[in-house]
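Close look at the chain arrangement
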Amino acid sequence: MDLLIYVNYNTPDLVSILVLARVLQEFFVVCTGAQEEEEKAECVPGFQEKVYQVEYSGGFLKDVPLLQVVFDDCAGNEDVEFEVSNPDFLIDKNLNLVPRRDVIDSGDVMFVHGVNVHVDDMAQVTIMGAPSRSPQTLREILGLSDMMPHRSKRALLVPPMFVPENQRAPFPRLIGKVISSDMKEDHIFRLMGRGADQDPKGVFSINRLTGDVAVSRALDREAIAYYHVSEILTLLSTAFCFPLAYCTTVMTMTAYDADDPNTDNAVLRYIIVRQLPDKPSPNMFYIDPERGDIVTVIAPHQLDRETLPTTQYELEIVAKDMAGSEVGLTGTATATITITDRNDHAPEFTHSLFQASVNEGSTGVVVNLTVDDRDDPATGAWRAIYSIINGDPNQNFEIQTNLDNNEGMLSVVKPLDYESSMFHTLLIKVENEDPLVPDVVYGPSSTATVYITVMDVNEGPVFFPDPLVVIRRENIPVGSFVAMLNASDPDYLQTQSIRFTVLRDPADWLIVNPFKGNVTTRAILDRESPHVHNNQYTALFMATDNGSPPASGTGMLIITLEDENDNAPYVFPSVARVCEDAKDMNVVVIGGRDKDIHPNTDPFKIELGKQPGLEKTWKISRINDTHSQIMLLHSLKKANYNLPLVLTDSGVPPISNNTELKVQVCTCKKNRMDCSRAGSIQTNHLLLLGLVLLSILF
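What comes next concerns the included structure. (Residues numbered from 1 in each chain as written. Predicted model: local features only at pLDDT ≥ 70, side-chain atom pairs only at ≥ 80, totals over all residues. Heavy atoms only, no water.)

What follows deals with the overall build of the protein chain. The helix and strand tally for the protein chain stands at four helices and 52 strands. The buried share of the protein chain, taken over its 698 residues, is 38%. Within the protein chain, residue pairs in contact and separated by at least 24 positions form 66% of the contacts whose partners lie at least 6 positions apart. (Helix = DSSP H or I, 4+ residues; strand = E, 2+ residues; numbered from the N terminus. Buried < 20%, exposed > 50% of the residue type's maximum accessible area, 1.4 Å probe, protein only. Contact = heavy atoms within 4.5 Å.)

On to the environment of asparagine 657. In this structure, asparagine 657 sits in strand 50 (residues 656-669). Through-space distance from the C-alpha of asparagine 657 to that of leucine 647 is 5.1 Å; in sequence the pair is 10 residues apart. Non-local contacts of asparagine 657, meaning those with residues more than four positions away in its chain, are made with Ala568, Pro569, Tyr570, Leu645, Val646 and Leu647. Side-chain polar atoms of asparagine 657 contact the backbone oxygen of proline 569, separated by 2.7 Å. (Polar contact = N/O pair within 3.5 Å; in protein donor to acceptor, adjacent residues only side chain to side chain.)

Turning our attention to the sheet that holds strand 24 (residues 330-338). Here three strands make up an open sheet; going across it, the order is 20-23-24 and the pairing antiparallel. Of all the strands in the sheet, the pair left with one neighbour each is strand 20 (269-276) and strand 24. When strand polarity is set aside, the average angle formed by the axes of neighbouring strands in this sheet is 25 degrees. Looking at chain direction, strand 23 (residues 312-320) and strand 24 are connected through nine bridges and run antiparallel. From the neighbouring strand, tyrosine 313 faces strand 24, where its bridge partner is isoleucine 337. (Pairing = 2+ DSSP bridges. Axes fitted to C-alpha atoms, helices over the stretch in contact; angles between N-to-C directions.)

Let us now look at unusual backbone geometry. With the exception of glycine, the majority of residues adopt a negative phi angle, and the majority of peptide bonds are in the trans configuration. Cis geometry marks the peptide bond from histidine 598 to proline 599, where omega comes out at 15 degrees. Cis peptide bonds are those with omega within 30 degrees of zero, and the linkage from aspartate 602 to proline 603 qualifies with 5 degrees. Checked against the element boundaries, proline 603 lands in the loop between strand 45 (586-593) and strand 46 (605-608). One non-glycine residue, aspartate 79, lies in positive phi territory at about 60 degrees. Tracing the sequence through the fold places aspartate 79 in the loop between strand 5 (71-72) and strand 6 (81-84). For asparagine 166, which is not glycine, the phi dihedral falls at a positive 60 degrees. Among the structural elements, asparagine 166 can be located in the loop between strand 12 (161-164) and strand 13 (173-177).

Written out as structure tokens, the structure reads:
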């Protein structure tokens, strides 16, 4: 961008002020117009809106979005990381500004930083009406007044500068400043053109770091009214490393001088006076005399940690003021430079072929693969990562790195089968955790072949299916057929016989033919047995071959038992109590239960016993399929009574149960029931006799 420097008359007048205003107006119009044209022409990476506003209403609630920022890196917005200057806020995946917690003291301004490989940009969020937390906005920090037009595309702000003529010493005098919105550490400012590097040379200078522009002597407006100077932003490597083909910045030395910074007394220059050790070259490093940047001046192949006599160098640095003149004062410091490792050596297998053997059916480490790597041990440039690139379609193998010695431990994780494959050939690749430097690649020695021989082992017979599930009715006769067991020997290359035995039979119900494998009953199967769970009975059998040594395998038999109506129903509860003077004749609600399952259970039929006369004192009313109400037809004296009942299920054929309900007639006073002095239990015969006498009397 061009820089215009005007030489004014020493006393400013109204005309000069108007000229200045007009120039500034044209400058900003040109900048703004150029910006708009550029933004229309192409996508500008970064925040598409740089300034946002939010109303403050006493605070912000956790997880409630405040606003949505507009951000586009012009490449899909992948892996963009956002950081908010106020740690109480974050940018979520939907680009919303969200509080991490309930926030009251938000401050009146915050900044949002967005960065990825394509863009590094910042936006400002102003919180209207909030108590001030920070005294400066971003524009104030940068020294930009509100009249400055906002620019998101142009990197340099270069306003025109005005210099009064015939100024008196001291020189140089600051006349203005060039601002870069994306100034980086590896960039510097330079001036080119008339008054800079063209005649009259040296009139103007620029601080290569800050952009401050200064005039070095008095000017004569009648001689030259204005200067047209080009300002450029260049890479640091262009300024310092152009003549040095191998220069890499290592570190920066900084010295301080308490003298007036506007005089040569504080202008410092740096120099290296000694390097220890001085091998392989006494001039391995160079220091920029003005900035203090130390760079390498040795070919990369000479700066090899593995071949250097040491990995640490000491430089004696002298800083001298008065711009390095002979009369300048000096200060000395030592810079220690450690040559760290780069991954410039690929790992190499010590052998191109490794061999191992493993028994079929086993797992574990079978061979350790060894490699050589000349890089620094215990670093990512040395640590090895192994992978199987061919020969393992079923993922039977796995390889891990031994962190102690960097060896690759090849393991069998899924047992191998001799009968399926006697040999396996694997191709193994080794790499480093850290990527190799660009000029180094992995060669043939970074791969190796592993031959695995599978050893035959006598394997036990295998049941099929396992488990074997069958359905049988309970109560089938002893000697009935239950199931046929099937087992085969995996060692089909050998001729072996198999014998069957019962390994676990909890109820001792089964026997098995040792040669044929047919299972029969030796006792009655009972579905209601405590050994039966969820209608299933489980037994375990073993098959053994005649190999040397013999091997065996186990298989499970599950018998699902179908129900037979072989259990009579019973009544609950079996005891009931009632007050002798009770006005409520309802004695108790009773229910029926059955150990069998549907359809051999409910609905139950509950009736009075067949003894004559019971119906004159007792009554049974059906409530539902399982319960009935027992009632008295008249009061009874305090005593214990046994009420005969008949309970019948719904099985085919049905089963009935003659049972009794014990009824205690008790004395009840003040909500207390006393059954302790009830008369002796009245048997059915006494009860019947009493009922007969009552029938005669009445």
